[in-house]
Amino acid sequence: MKRILVTGGSGFIGSHLCKRLLDEGNEVLCVDNFFTGRRENVHHLLDNKNFELLRHDITFPLYVEVDQIYNLACPASPIHYQFDPVQTTKTSVMGSINMLGLAKRLKIRILQASTSEVYGDPSVHPQPESYWGNVNPIGPRACYDEGKRCAETLFFDYHRQHNLDIKVVRIFNTYGPNMQANDGRVVSNFIMQALKNEPLTIFGDGTQTRSFCYVDDLVEGMVKMMQTDKGFTGPVNMGNPEEFTMLQLAETIIEMTGSKSKLVFKPLPVDDPKQRKPDTQISKNDLNWEPHVKLEVGLGRTIEYFSNILLAEFSSKRELNII
Ligand code: NAD
Ligand code: UDP
């Protein structure tokens, strides 16, 4: 049994990770400032005596005693990380310095939730870990992309300079229950729009691609990575290599929900990557990890989650006689 700190633990991925670590018999300290995370995501864990929830912003130092750190704190959807870009960079850079300092004092292992956004709008396809990326350092996505790139730099400098035991995973688009309905990410947007029979908003011409990983697969990979030998630092890509255009995703979701929605085309956001797909050789060979959940299966579970949210909203409005 370990005492494990999960920063950003009440967010989408963090909440699944906290549950998984508790299920394995660990103690979990979930630290979150609730910027994009929600208490509801970890509500079901609050009765567990091994779970502790602490409101804290990781841009400020944190003094706790733990055995391992998973550093996930950072808004991940474009509308949220662009809402307060200075805070986004601070969270990645100052937050990482604080968490690395904590790991250094305690001489413990720390894992960084990095991102495929370190590759920017990639000119190499699929993206191997050796690719240095194509990031616009002054665009609206830079607060996130460059923040995460600087965090990786800090992790590797703490490793080289202080012999810190680090693990870096580069997460590709992940989806599943506990995503926020209004966070603007493509899977949540399309499902909510389809369930309400509203038009699905395709940005650009919809030919841009992404590869979608179901959250359970990702969490399995992160836990596996945390358990590797000290010499194995990563970075390791973590994502599902099956690639889809946004048009394909929209059509699949319309079909699965039986929706009457049509498509509506909106301008492509600035610096929106045209293609994204992980090269998974390292995760497959060195980590013995690969995702198993097919898009339709994962979407089915996610659609059910969002349907229940809509149903609960509908029932409470009826109770209040709003509708
Ligand atoms: P999320 O927004 O649901 O979760 C992030 C959590 O961090 C939230 O609970 C938020 O309140 C918290 N947080 C933000 N700033 C904080 C701060 N300064 N101090 C403390 N807590 C703070 O996003 P997510 O999708 O769960 O992503 C989790 C991590 O995984 C992020 O670091 C993100 O960059 C990374 N990631 C996610 C994806 C994806 O597709 N979901 C892809 C690549 C990387
Ligand atoms: N996207 C879209 N419609 C939406 C939301 C997003 O077409 O309502 C597109 C977006 O332009 C991008 C892709 O879907 O090309 C994935 O967007 P998301 O914000 O989910 O993730 P990211 O761009 O960070 O990969």
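Structure shown above.
Overview of the structure. Just so we're clear, the structure is a prediction, and the values are computed from it rather than from any experiment. (Residues numbered from 1 in each chain as written. Chains lettered and ligands numbered in written order. Predicted model: local features only at pLDDT ≥ 70, side-chain atom pairs only at ≥ 80, totals over all residues. Heavy atoms only, no water.)

**As for the overall build of the chain**
What counts, and what does not: Under the DSSP-based scheme used, a helix requires at least four consecutive residues in state H or I and a strand at least two consecutive residues in state E, with every element numbered from the N terminus. Taken over C-alpha atoms, the radius of gyration is set against a globule rule of 2.2 Å times the number of residues to the power 0.38. Each residue is assigned to one of three classes by its accessible area relative to the maximum for its type, calculated with a 1.4 Å probe on protein chains only: buried under 20%, partly exposed between the two thresholds, exposed over 50%.
Tallying secondary structure elements over the chain gives 10 helices and 13 strands in all. For the chain, the C-alpha radius of gyration of 19 Å lies close to 20 Å, the compact-globule estimate for 323 residues. Once the C-alpha set of the chain is aligned to its principal axes, its extents read approximately 55 × 50 × 35 Å. Taken across its 323 residues, the chain has 55% of its residues classed as buried.

**Some details on the nonpolar core**
Going by this rule: Joining through side-chain atoms within 4.5 Å is the link that ties buried Ala, Val, Leu, Ile, Met, Phe, Trp, Tyr and Cys residues into a set, and such a set is a nonpolar core. Contact criterion: two residues are considered in contact whenever any of their non-hydrogen atoms come within 4.5 Å of each other.
Core analysis: the largest hydrophobic core is formed by 56 residues, its most contacted members being Y70, M222, M238 and L249. Excluding residues that lie within four positions of it along the chain, M238 makes contacts with V169, R170, I171, F172, L218, G221, M222, M225, L287 and W289. Formed by 24 residues, the second largest nonpolar core is a distinct cluster that contains A103, L106, F155 and V168.

**Section: helix α7 (residues 215–226)**
Our working definition: Take the residue count of a helix, subtract one, and multiply by 1.5 Å to get its expected span.
Taking 1.5 Å per residue, 12 residues should reach 16 Å; α7 reaches 17 Å between its end C-alpha atoms and fits that length. Counting buried residues along α7, 9 of its 12 residues qualify, which places the element largely inside the surrounding structure. Within α7, burial applies to V215, D217, L218, V219, G221, M222, V223, M225 and M226.

**With respect to helix α5 (residues 142–162)**
Relative to the 30 Å expected for 21 residues at 1.5 Å per residue, α5 spans 28 Å between its end C-alpha atoms, a close match to the ideal helical length. When we look at burial in α5, the residues that qualify are A142, C143, Y144, D145, G147, K148, A151, E152, L154, F155, F156 and Y158. Once α5 finishes, N163 follows within two positions and takes phi at roughly 55 degrees, a positive value.

**What about the site of ligand 2?**
Note the threshold: Throughout, the term near means that a residue has one or more heavy atoms lying within 4 Å of the molecule or strand in question. Side-chain atoms alone can form a polar contact between residues adjacent in sequence; in general such a contact is a pair of N or O atoms within 3.5 Å, and within protein one must be able to donate a hydrogen while the other accepts it. All accessible-area figures derive from a Shrake-Rupley calculation using a 1.4 Å probe, and residue coverage is judged against the displayed protein chains alone. Residues are grouped as follows: Ala, Val, Leu, Ile, Met, Phe, Trp, Tyr, Cys and Pro are nonpolar; Asp, Glu, Lys and Arg are charged; all remaining types, including Gly, are polar.
Of all residues adjacent to ligand 2, which total 18 residues, the nearest are V186, T201, R210, D272 and R276. Between ligand 2 and F203 there is a distance of 2.9 Å, counted from an oxygen atom to a backbone nitrogen or oxygen. When the free accessible area of ligand 2 is taken as 520 Å², the share hidden by the protein chains comes to 95%. Where the shell around ligand 2 is concerned, the elements lending two or more residues are α6 (186–195) and β8 (200–203). Tallied by class, residues from the shell around ligand 2 come to 7 nonpolar, 5 polar and 6 charged.

**Some points on unusual backbone geometry**
At the junction of H125 and P126, the peptide bond is cis and its omega measures out at -10 degrees in the coordinates. For P126, the position within the fold is in the loop between β5 (109–115) and α5. Across the junction of G234 and P235, the peptide omega takes the value 5 degrees, indicating a cis bond. Take P235: it is sitting in the loop between α7 and β11 (236–238). With a phi angle near 60 degrees, F34 is a residue other than glycine that sits in the positive phi range. For F34, the location among the structural elements is in the loop between β2 (27–32) and α2 (39–42). Take F34: its relative accessible area is 15%, and that puts it in the buried class.

**Concerning the pattern of salt bridges**
Defined as follows: Whenever Lys or Arg places a side-chain nitrogen within 4 Å of a carboxyl oxygen from Asp or Glu, that contact is recorded as a salt bridge.
What the rule picks out here adds up to 18 salt bridges. The salt bridge partner of D23 is K19, with a shortest N-O separation of 2.7 Å. Here D23 pairs with K19, and both are found in helix α1 (residues 12–23), just 4 residues apart, close to one helical turn. On the basis of relative accessibility, which here comes to 57%, the residue D23 falls in the exposed class. The closest approach of N and O atoms between R210 and D272, which form a salt bridge, is 3.2 Å. In this pair, R210 is assigned in strand β9 (residues 209–211) and D272 in the loop between β13 (263–266) and α9 (281–285), connecting sequence segments 62 residues apart. Classification of D272 as buried rests on a relative accessible area of 12%. Within this structure, E117, R141, R210, D272 and R276 form a network of salt bridges that share partners.

**What about the state of the cysteines?**
In protein chemistry, a disulfide is the covalent bond that joins the sulfur atoms of two cysteines. Put simply, the test is: The disulfide criterion used throughout: a pair of cysteine sulfur atoms within 2.5 Å.
Counted under the stated rule, the structure contains 0 disulfides. Cysteine C30 shares no disulfide, and the gap to the nearest cysteine sulfur, in C18, comes to 4.3 Å.

**Observations concerning the side chain of S114**
With respect to the helices and strands, the residue S114 is situated in strand β5. A distance of 2.6 Å separates the side chain of S114 from the side chain of E152, its partner in a polar contact. Sequence-distant contacts of S114, that is, excluding residues within four places in its chain, are made with K148, E152, V168, V169, R170 and I171.

**Comments concerning the site of ligand 1**
Close contacts around ligand 1 come from 31 residues, with D32, T36, L72, Y144 and K148 the closest. Measuring from a nitrogen atom of ligand 1, one finds a side-chain N or O atom of R185 at 2.8 Å. For ligand 1, whose unbound accessible area comes to 820 Å², protein coverage reaches 96%. Counting residues per element, the shell around ligand 1 draws most heavily on β5, which supplies 3 residues. Taken together, the residues that form the shell around ligand 1 break down as 14 nonpolar, 13 polar and 4 charged.

The analysis is restricted to geometry; functional conclusions fall outside its scope.
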